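Analysis of the macromolecular model
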Amino acid sequence: MNAVLEANGLGKRYGRRWALSECTLAIPPGQVVGLVGPNGAGKSTLLQLAVGLLAPTAGTIRVLGDRPAASPEHLGRVGFVAQDTPVYESLSVADHLRVGAWLNPGWDRDLAQRRIDQLGLDPAQRAGKLSGGQRAQLALTLAIAKRPEFLILDEPVASLDPLARRQFLQGLMETVAEHGVSVVLSSHLVADIERVCDYLVVLVASRVQIAGPIDDLLASHFRLTGPRRDLNTLPASQEIIESSQTDRQSTLLVRTDGPIVDPAWTVEQLDLEDLVLAYMGRAAAGERARPRIVEVH
Amino acid sequence: MIRLTWLQFRVQALIAVVAMAITALVLAVTGARLAHLYSTSVATCTVQGDCDTATNAFRLHDQFLQNMLGPLLLVVPGLIGIFWGAPLIAREVQAGTFRLAWTQSVSRRRWLAVKLGSLGLASAIVAGLLSLIVTWWFSPLDRVNANRFSPGVFDERGIVIIGYAVFAFVLGVTAGVLLRRTLPAMAMSLALFVGVRLAVTYLIRPHLVSPAHTSVPVTSATGLGFGSSGSSGVVTFIAKTPRIPNAWVISSQIVEKSGHLASTAVLHQFLMTACPDIANQQAGANQGTFGACVAKVSANYHLVLAYQPANRYWTFQWYETAIFVFLAFALAGLCFWWVSNRLT
Amino acid sequence: MIEFHLDSRSGVSPYLQIVQQVRHALRLGLLREGDQLPTVKAVVASLAINPNTVLKAYKELEHSGLVAARPGVGTFVTKTLSDTTLAAHGPLRQELQRWLDRARRAGLDDESIEALFRDCVRSNAWEDVA
């Protein structure tokens, strides 16, 4: 199986700060991947590394089996929508479609025109005058119409109102249903991810916390509630992600592949938001626990 | 890619075309008139015998245009650098549209190559056409003034302007690539352009070809006189640099018959013996004593000129154009490397 | 053609909601044998959910023998749920009315009736399994 995105120890440093570190991922094709994490976690950095807008400081990344932006032909197989959906403000919507056709041999004119008509965009309108939602849709059209195998979207709906957001995701899902593109989409709204994605990557503080198909993740994480006990007595196969104890009660969030046989626990399924929050919380706690390195001269 | 470049450049191209058209129209009309005036008044003046008045009268025509066109040609390359060069990449980086441009099916190198190449060519054409028409307009005046090789005029005629424009354009693009913000790039490119132009004009141009030397009598000087010069305050002989038609006189020095340079002290000594009235600044000095003294100086001293002869004019034009074009290509190389490897 | 809706707060996973809505429509006769289910593309374009979710739901319905996928054409209903049960609804409803009258005369309030009913449904289901 050829991974659509493969990263090995990938890292990117700006000056002294590592925006992304030790990122290892293997994303299978045909998925809609949600990349979740707080602002500044490194999501945008990872996505820009994947399209060749940034060069790695450490490690490697391969997209569709090759270096990102390895050739014009490779660039044609990956569609990208950057954060804030940049468009050429002084050019019209129709101009943008023309530019897309000129710069991409794989351009599908009919698809582009159909989408613009469906969206009700005025072809003569200058892109600078479009609303945020319309700009996002235009940017998505430009990415889709070149018929890529892989779509990478950097927080495309972050600054959109709920209706525009819904419409964007509808258009995106329709494309996935029709053309079977693989998608990686970053967001900090878990609700959107839950609707639309079937694979999750949680990125916090420049590191990957957890990655995998959402169904598998939800099937292997549980909330255990029961009488207070020593956490060391738990079987090794159960990894504790989050725990909280009162004098009488223990509440744990565990990850396990096997069944939970201990009758003392009340076992509950989690929803995606609980799972993401647990990993984000663990990462934050890990940051605080790690000693800060103070430079001594 | 070329069509995209055109789409993004339309407005600037339109402004340039309109400005060029207006300029061309004005110059065509006035230039034809000037040429006609020349052929009827100055060219025929030897027949009539009164050349000086005709020439002077001719020089006064279209003073306004004469004063405007020179500076115009000086300024146009700078404008190209600021308005065509600096925003080219800086604007895309500032607006984030490079994230759109560099994820299309075009390599970054091709993107930059087409933009630099096509707009660089456009700069050369604009500069070339402008220079052509201005040089044509000035040709009767240049024939009369015979000063086309001197700094100031040399920069405003011929093909050097093409070199300046191409260089200014690529310099602007480079500033945009390095600074990534349009306004600072505009400022930096203008400042550097002026700096490089001054450096080439005063430090490099005089040495492109070793100057020739010639001796001329002291009376060829454009201004003769006696006065105190320098810190010593003693009266000495002053001769302003003579003019050689269409040549570039770089320096002129007063030299003794033996060939040695005549210093201020030596000249003062000579004056003390030859023209004591003038040397001591007596009130009785008049036209007669002045003329007699000059004759005495002229008998013992002459001027040695370092100059570039008129027949080297085009050599210098080509050399200087080549220097700027070479610099432009070097900067273009820097841009390519930076955009491919360092920009993000 | 039926339309699906999604209740993101119901706690029921999206694919199950689709399955339930198809079964509900079959039960009420809104979907009959031979009717086409909405295409994956249409569902996804209106609900903004992952196509795999819809595929999973349709696959489960196919597994239950209720629908069949015809490649290149669509997914079609092969069996309704209403036939076998609608006919029995009438007499069962009457029996239930009589039972309810007796329960009320015995003094049970609505909550007790519902509790008793649910308990019986559950123990009845267990007995079926056993």
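Bear in mind the structure is a predicted one, so any value in this text is a computation, not a measurement. (Residues numbered from 1 in each chain as written. Chains lettered and ligands numbered in written order. Predicted model: local features only at pLDDT ≥ 70, side-chain atom pairs only at ≥ 80, totals over all residues.)

Description of the domain arrangement of chain A
Residue and element names in this part refer to chain A. This is how the line gets drawn: Either an automatic procedure or a domain database provided the assignment from which the domain bounds are taken. It is the C-beta atoms, placed from the backbone, that decide contacts: two residues are in contact if theirs lie within 7 Å. Note on conventions: DSSP H or I runs of at least 4 residues are helices, E runs of at least 2 residues are strands, and numbering of each starts at the N terminus.
Domain parsing of chain A yields domain 1 (5-204) and domain 2 (216-289). Relative placement of domain 1 and domain 2: their C-alpha centres are 34 Å apart. The partner domain 2 presents seven residues to the eight residues of domain 1 that form the contact. For the side of domain 1 that touches domain 2, the secondary-structure elements that each account for two or more residues are helix H7 (190-196) and strand E8 (199-204).

Considerations on the sheet that holds strand E12 (residues 249-255) of chain A
Residues and elements named next belong to chain A. Rules: When DSSP finds at least two bridges between two strands, those strands are taken to pair. In this analysis an axis means a line fitted to C-alpha atoms, helices contributing only their contacting stretch, and an angle means the value between N-to-C directions, from 0 to 180 degrees.
Here we have four strands laid out as an open sheet, ordered E11-E12-E10-E13, and antiparallel in their pairing. Both outer strands of the open sheet, strand E11 (239-245) and strand E13 (266-269), are each paired with one neighbouring strand and no more. Adjacent strand axes in the sheet meet at a mean angle of 20°, parallel and antiparallel pairs treated alike.

Considering the interface of chain A and chain B
Test applied: The nonpolar class holds Ala, Val, Leu, Ile, Met, Phe, Trp, Tyr, Cys and Pro. Asp, Glu, Lys and Arg form the charged class, and all remaining residues, Gly among them, are polar.
Listed per partner, the contact involves 21 residues of chain A and 16 residues of chain B. For the side of chain A that touches chain B, the secondary structure elements donating two or more residues are helix H2 (72-77) and helix H3 (93-103) of chain A. When its residues are assigned to classes, the side of chain A that touches chain B shows 15 nonpolar, two polar and four charged.

Concerning the nonpolar core
Applicable threshold: As used throughout, a nonpolar core is a set of buried Ala, Val, Leu, Ile, Met, Phe, Trp, Tyr and Cys residues joined through C-beta atoms within 7 Å of each other. Here a residue counts as buried when 20 or more other C-beta atoms fall within 10 Å of its C-beta, as exposed when 12 or fewer do, and as partly exposed in between; the C-beta atoms come from the backbone.
Within the largest apolar cluster, 109 residues are counted, with the highest numbers of intra-cluster contacts made by A:Val33, A:Ile152 and A:Met173. Per-element accounting of this core gives the leading share, seven residues, to helix H5 (residues 132-144) of chain A. What A:Met173 contacts, discounting residues up to four positions off in sequence, is A:Val196, C:Val44, C:Ala45, C:Ala48, C:Ile49, C:Asn50 and C:Pro51. One finds B:Trp84, B:Leu130, B:Val166 and B:Ala175 within the second-largest nonpolar core, a separate group that totals 51 residues.

As for the arrangement of the chains
Where two pairs of chains are in contact, the pair with the most contacts is made of chains A and B. Note that chain B does not reach chain C: the shortest distance linking a C-alpha of one to a C-alpha of the other is 25 Å.

Focus on the interface of chain C and chain A
How big an interface is tends to be stated in terms of accessible area lost as the parts join. Contact with chain C, which involves eleven residues of that partner, is made by 14 residues of chain A. Breaking the side of chain C that touches chain A down by element, the ones donating at least two residues are helix H2 (40-47) and helix H3 (51-63) of chain C. Of the residues forming the side of chain C that touches chain A, the biggest block, five residues, is contributed by H2(C).

Some thoughts on the confidence of the model for chain B
All names here are of chain B. Just so we agree on the cut-off: Confidence scores here are pLDDT values: one per residue, from the predictor, ranging 0 to 100.
The share of residues in chain B with pLDDT of 70 or more is 94%, and the mean pLDDT across the chain is 88. Within chain B, no element has a lower average pLDDT than helix H2 (residues 45-48), which sits at 64, and none a higher one than helix H7 (residues 160-179), at 96. Listed scores for the predicted complex are pTM 0.84 and ipTM 0.87.

Digging into the domain arrangement of chain B
Residue and element names in this part refer to chain B. Each assigned domain of chain B is listed with its residue range as follows: domain 1 (2-207 + 312-342) and domain 2 (212-308). Distance from the C-alpha centre of domain 1 to the C-alpha centre of domain 2: 41 Å. Listed by partner, the interface residues are eight residues for domain 1 and six residues for domain 2. Looking at the side of domain 1 that touches domain 2, its residues break down into five nonpolar, one polar and two charged.

Some remarks on the sheet that holds strand E3 (residues 32-36) of chain A
Residue and element names in this part refer to chain A. The strand order across the open sheet formed by six strands is E5-E6-E7-E3-E8-E9, and the pairing between neighbours is mixed. Looking at strand neighbours, the two that pair on one side only are strand E5 (78-81) and strand E9 (207-213), the edges of this open sheet. Averaged over all adjacent pairs, the angle separating strand axes in this sheet is 15°, with direction ignored. Here four bridges tie strand E6 (residues 150-153) to strand E7 (residues 182-187), and the two strands are oriented parallel to one another. Counted as the bridge partner of leucine 151 is valine 183 from E7. Lying over the sheet, helix H1 (residues 43-50) contacts E3, E6, E7 and E8, oriented at roughly 150° with respect to E7. Across the sheet, H5 lies against E5 and E6, angled at about 170° from E5, the strand it touches most.

Some remarks on the packing of helix H1 (residues 14-27) of chain C against H3(C)
All names here are of chain C. Our working definition: Orientation labels follow simple angle bins: below 35 degrees gives roughly parallel, above 145 gives roughly antiparallel, 65 to 115 gives roughly perpendicular, and whatever is left gives oblique. If you view the pair so one helix is near and one far, a crossing is left-handed when the near helix is turned anticlockwise from the far one by less than a right angle, and right-handed when it is turned clockwise.
Between H1 and H3, whose axes approach to 8 Å, the crossing angle comes to 45°. By the criterion of interaxial angle, the relationship of H1 to H3 is oblique. Considering how the two elements wind past one another, H1 and H3 form a crossing that is right-handed. Where H1 approaches H3, its residues Pro14, Tyr15, Ile18, Val19 and Val22 are matched on the opposing element by Thr53, Val54, Lys56, Ala57, Glu60 and Leu61. For the contact of H1 with H3, the residue count by class is eight nonpolar, one polar and two charged.

Considering the packing of helix H1 (residues 2-42) of chain B against helix H3 (residues 51-59) of chain B
Residue and element names in this part refer to chain B. Relative to each other, H1 and H3 sit at 165°, their axes nearing to 10 Å. Between H1 and H3, the angle falls in the class roughly antiparallel. Considering how the two elements wind past one another, H1 and H3 form a crossing that is right-handed. On H3, the residues touching Leu37, Tyr38, Ser41 and Val42 of H1 are Ala54, Thr55 and Phe58. Across the contact of H1 with H3, the residue classes tally to five nonpolar, two polar and no charged.

Let's talk about the pairing of E6(A)
Regular strands show a simple pattern: their side chains alternate between the two faces of the sheet. Residues and elements named next belong to chain A. Residue alternation in E6 divides its side chains into two sets, Phe150 and Ile152 and Leu151 and Leu153, and both sets are buried. One ladder, built from four bridges, connects E5 with E6; its direction is parallel. Bridge pairing in E6 places valine 78 opposite phenylalanine 150.

Quick look at H7(B)
Helical periodicity: at 3.6 residues per turn, an α-helix aligns residues three or four positions apart in one direction. All names here are of chain B. The cut-off we apply is this: Take the residue count of a helix, subtract one, and multiply by 1.5 Å to get its expected span.
Counted at 1.5 Å a residue, the expected span for H7 with its 20 residues is 28 Å, and the 28 Å between its end C-alpha atoms agrees. Within H7, 18 of the 20 residues are buried, leaving the element largely enclosed by the surrounding structure. Backbone geometry just downstream of H7 places arginine 180 in the positive-phi region, at approximately 65°.

Some details on unusual backbone geometry
All names here are of chain A. If you check the backbone angles, aspartate 84 has positive phi at about 65° while not being a glycine. Positionally, aspartate 84 belongs in the loop between E5 and H3. In the Ramachandran plot, arginine 147 falls in the positive-phi region, its phi being about 55° despite a non-glycine side chain. Assignment of secondary structure puts arginine 147 in the loop between H5 and E6. Here arginine 147 falls in the partly exposed class, since 15 other C-beta atoms lie within 10 Å of it.

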